[in-house]
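# Coordinate analysis (summary)
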Amino acid sequence: MKEKVKITFLVCPPFWEKLPPLGPALLSEFLSSYGFESIIHDLNIRLFHKMPLILQKKWTISPGLTEKEFFQECLEKFPELFTEILDLIQDKEIKWIGFTVYKSNRCFSLLLAEYLKSHFFDLGIVFGGPEIFTMKLEDFQFPDSIDYVVAGEGEKALLSILRGERRNKFLELIQLDDINFFPHYENLDLSFYTRKNGIPVLMSRGCLRRCHFCSEKLLFKGFRVRSPRNVFEEIETHYRDHHSRWFTFYDSLFNGDLRVLEEWLDLILKSGLKISWDAQIAVRRDMNLALFQKMKESGCVNLFVGLESGSDRVLKMMNKGFTAGMAAAFFEKLARAGLQFEVSLIAHYPGETEEDFQATLSFLKSNKTSIKKIAQVSLFRNYPGNSVEIPEDYDESLGKEKIDRLVDFFEKNELPYTKSFINNLL
C-alpha cells in the first residue's frame, strides 16, 4: 500500500511546451515502486495556455519580460494557479516540493520556492534537473528556501531524502543501477501539450563521447542503455493507452549502442506499429546504409547531429571523435536512406582561426545537398565542468560577427536554418 503523498514535482515556466516533462515523470515512477505517492504539477503548460499567441510563439526563447517581472506578472494576473498549488500542498499534506530546474526557468523556480516557503515554513524544497549546473554550484549561494540540491540522477537521492537519510544540502552524483522502467503520466493531461499524441522517451543515459565543451559528464557517471524490449514496451503502452504516435528521444547519444538500436528497430518493424520518432545522434563511421534504411522504415522523421565545425583542427580541439570527412560520409548515407536531419554549429570556438571558419563554410557548401537544415548556431558557452582552454585574448564579439557571416552564407547558398535558434543559448 502506498504511503500518503510525500512530494509534488513542479515544472516552472518558461520551458518547452510541446511534450510532458520526462524527468519528473521518471522520478515519480521510481518513487512509486518504493511506496511513495507523488504528484506532477506542470505550472509551465498551465501558464502557457493563458498567454497571448505572440508570447506563446517565443515561449522557450523569452517571455518578453525580465525574469522577476515575469514571475510577478504571472502571480498578479493568474493568482488562482498559485492558490491551486497552495491548496494542493495543504489538502494532500505534502511535505516536499521538487523543482525541475532549467536555465530558462531557474529564476522563476527560485522565486516560487521563496513564495511557497512563506506560506509553509516546514515545507522541504529540492532543486534538481539537467541544467542545475548552469547555476554555477561552486560559487552559488543557495537561499534558505532551498533545502537540497541534487545534481545528476535524482532517483536514489530523492528516495534517501524522503526516508530522512540525507543531511548534506548538496547531494553528489548517485548513479541508478537499473534504468529499465518508464513513466505512465497518470496525473498529467497529455492533451495540454502542443505536440499532439507525443511522448518523450529515453533509451539511454549518459554519453560515450567526451566533447571538451560539454557538461554532460557532470550529470552521469557513465553510458548505460535500457533493454530494447523495455523501450518497445514503453512505446507500445503509450501507443495503446494514450494513442501516442510521435516519440521524441531525449538521449544525448541515441546511437551509442548499435546492437540495442537495431534490436529495437526490429521490434518496431515486426510489431507493425505506425509511429514517428526523432532523436539526437552522433557521427559514427560504423553505421551502414542498411541500418539507416531500417531507421527510416521504422518511422524516423528527423535526426539532430552535433556537427559544430567543418574544420578538422577545431573538431580535434573539441574532442568530437570524428573528422570532417567522416561527417560528410555519414551525412551522405543519411541522405541516401531518405532520412531528414539537422546539424548544429558552434561559432568562434576558442582557438578557431579564420582559416578554420572558412573550412566550415567550405564543408557546408560541399555538403549542402545532404544537409537539409541548420538546426542551431551558437556562440561557444563556457559551461561548468568543461575542459576548454580559453585564450586570454578571447573576444566574444568576434563570435557574434561570425554568426552574422554564417547567416549571410546560409541565405546566399539557400541553406535552410532555424531562425529562432540562432545564438539562442545566451
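Residues numbered from 1 in each chain as written. Predicted model: local features only at pLDDT ≥ 70, side-chain atom pairs only at ≥ 80, totals over all residues. Heavy atoms only, no water.

### Some thoughts on the overall build of the protein chain
When you go through the protein chain residue by residue, the secondary structure sums to 14 helices and 14 strands. Relative to a compact globule of 426 residues, whose C-alpha radius of gyration would be 22 Å, the protein chain shows 22 Å and is just as compact. When the 426 residues of the protein chain are sorted by exposure, 56% land in the buried category. Counted over contacts in the protein chain with a minimum sequence separation of 6, partners at least 24 positions apart contribute 77%. (Helix = DSSP H or I, 4+ residues; strand = E, 2+ residues; numbered from the N terminus. Rg over C-alpha atoms; globule rule 2.2 N^0.38 Å. Buried < 20%, exposed > 50% of the residue type's maximum accessible area, 1.4 Å probe, protein only. Contact = heavy atoms within 4.5 Å.)

### Side note on the environment of I199
Looking at the element boundaries, I199 is found in strand β7 (residues 198-201). As for I199 and Y185, which are separated by 14 residues in sequence, their C-alpha atoms are 9.8 Å apart. What I199 contacts, discounting residues up to four positions off in sequence, is L19, P20, Y185, L190, H238, S244, W246, F247 and T248.

### Describing the pairing of strand β13 (residues 341-347)
Counting buried residues along β13, seven of its seven residues qualify, which places the element largely inside the surrounding structure. Residues F341, V343, L345 and A347 line one face of β13 and the alternating positions E342, S344 and I346 line the opposite face, and both faces are buried. Where strand β12 (residues 300-308) lies against β13, five bridges are found, and the strand directions are parallel. Considered in β13, the bridge of E308 is made with L345. Pairing between β13 and strand β14 (residues 373-379): six bridges, direction parallel. Its bridge partner being in β14, A347 is matched across the sheet by L379. In the classification by handedness, the crossover that spans β13, the intervening helix α13 (residues 354-366) and the parallel β14 is right-handed. (Pairing = 2+ DSSP bridges. Right-handed = clockwise from strand over helix to strand, strands pointing away.)

### Some thoughts on a negative patch on the surface
Taken together, E392, D393, D395, E401, D404, D408 and E411 make up a surface patch of like negative charges. By the secondary structure assignment, D408 is in helix α14 (residues 396-412). For D408, a relative accessible area of 44% puts it in the partly exposed group. (Patch = residues over 30% accessible without salt bridge, like charges linked within 9 Å, V, L, I, M, F, W, Y side chains within 5 Å. Areas by Shrake-Rupley, 256 points an atom, 1.4 Å probe, with all protein chains shown as cover. Salt bridge = Lys/Arg side-chain N within 4 Å of Asp/Glu carboxyl O. Lys, Arg positive; Asp, Glu negative; His and termini not counted. Charge placed at Lys NZ, Arg CZ, Asp CG, Glu CD.)

### Brief notes about the packing of aromatic side chains
Across all of its chains, the model carries 26 aromatic pairs by this definition. A centroid spacing of 5.5 Å and a plane angle of 80° characterise the contact between W264 and W277, whose relative ring orientation is edge-to-face. Here W264 is found in helix α9 (residues 258-271), whereas its partner W277 is found in strand β11 (residues 276-281), with 13 residues between them in sequence. Just as W264 is buried, W277 falls in that class too. Between F380 and Y394, the ring centres sit 6.4 Å apart and the planes meet at 85°, which makes this aromatic pair edge-to-face. Linking F380 in the loop between β14 and α14 with Y394 in the loop between β14 and α14, this pair joins segments that are 14 residues apart in sequence. What makes F380 buried here is its relative accessible area of 4%. For Y394, a relative accessible area of 21% corresponds to the partly exposed category. (Phe/Tyr/Trp six-rings, centres within 6.5 Å; stacked < 30°, edge-to-face > 60°.)

### Examining the sheet that holds β11
Here six strands make up an open sheet; going across it, the order is β7-β10-β11-β12-β13-β14 and the pairing parallel. With partners counted over all chains shown, the strands left at the sheet margins are β7 and β14, one partner each. Sheet twist, expressed as the average angle between the axes of neighbouring strands with direction ignored, equals 20°. (Axes fitted to C-alpha atoms, helices over the stretch in contact; angles between N-to-C directions.)

### Here's the deal with the nonpolar core
Core analysis: the largest hydrophobic core is formed by 131 residues, its most contacted members being F99, L112, L116, W264, W277, F331 and L364. The biggest single contributor to this core is helix α6 (residues 106-119), with eight residues. The residues contacting F99, other than those within four sequence positions of it, are L10, C12, S109, L112, A113, L116, I125, V126, F127 and G128. Membership of the second largest hydrophobic core comes to eight residues, among which are F213, M318, I346 and F380. (Core = buried A, V, L, I, M, F, W, Y, C linked by side-chain atoms within 4.5 Å.)

### What to know about the packing of helix α5 (residues 79-91) against α6
Interaxial distance between α5 and α6 falls to 11 Å at its minimum, and their mutual angle equals 50°. Compared by their axis directions, α5 and α6 come out oblique. Helix-helix and strand crossings are classified by hand; for α5 and α6 the assignment is right-handed. Across the interface between the two elements, F82, I85, L86 and I89 of α5 pack against F108, L112, Y115, L116 and H119 of α6. Among the residues making up the contact of α5 with α6, the classes are represented as eight nonpolar, one polar and no charged. (Parallel < 35°, antiparallel > 145°, perpendicular 65-115°, else oblique. Left-handed = near helix turned anticlockwise from the far one by under 90°. Nonpolar A, V, L, I, M, F, W, Y, C, P; charged D, E, K, R; others polar.)

### Observations concerning the side chain of S160
Among the structural elements, S160 can be located in helix α7 (residues 155-162). By relative accessible area, S160 is classed as buried at 6%.

### A look at helix α1 (residues 22-32)
The periodicity of an α-helix, 3.6 residues per turn, causes residues three or four positions apart to be oriented the same way. Burial runs high along α1: eight of the 11 residues are buried. If you check which residues of α1 are buried, you get L22, P24, A25, L26, L27, S28, F30 and L31.

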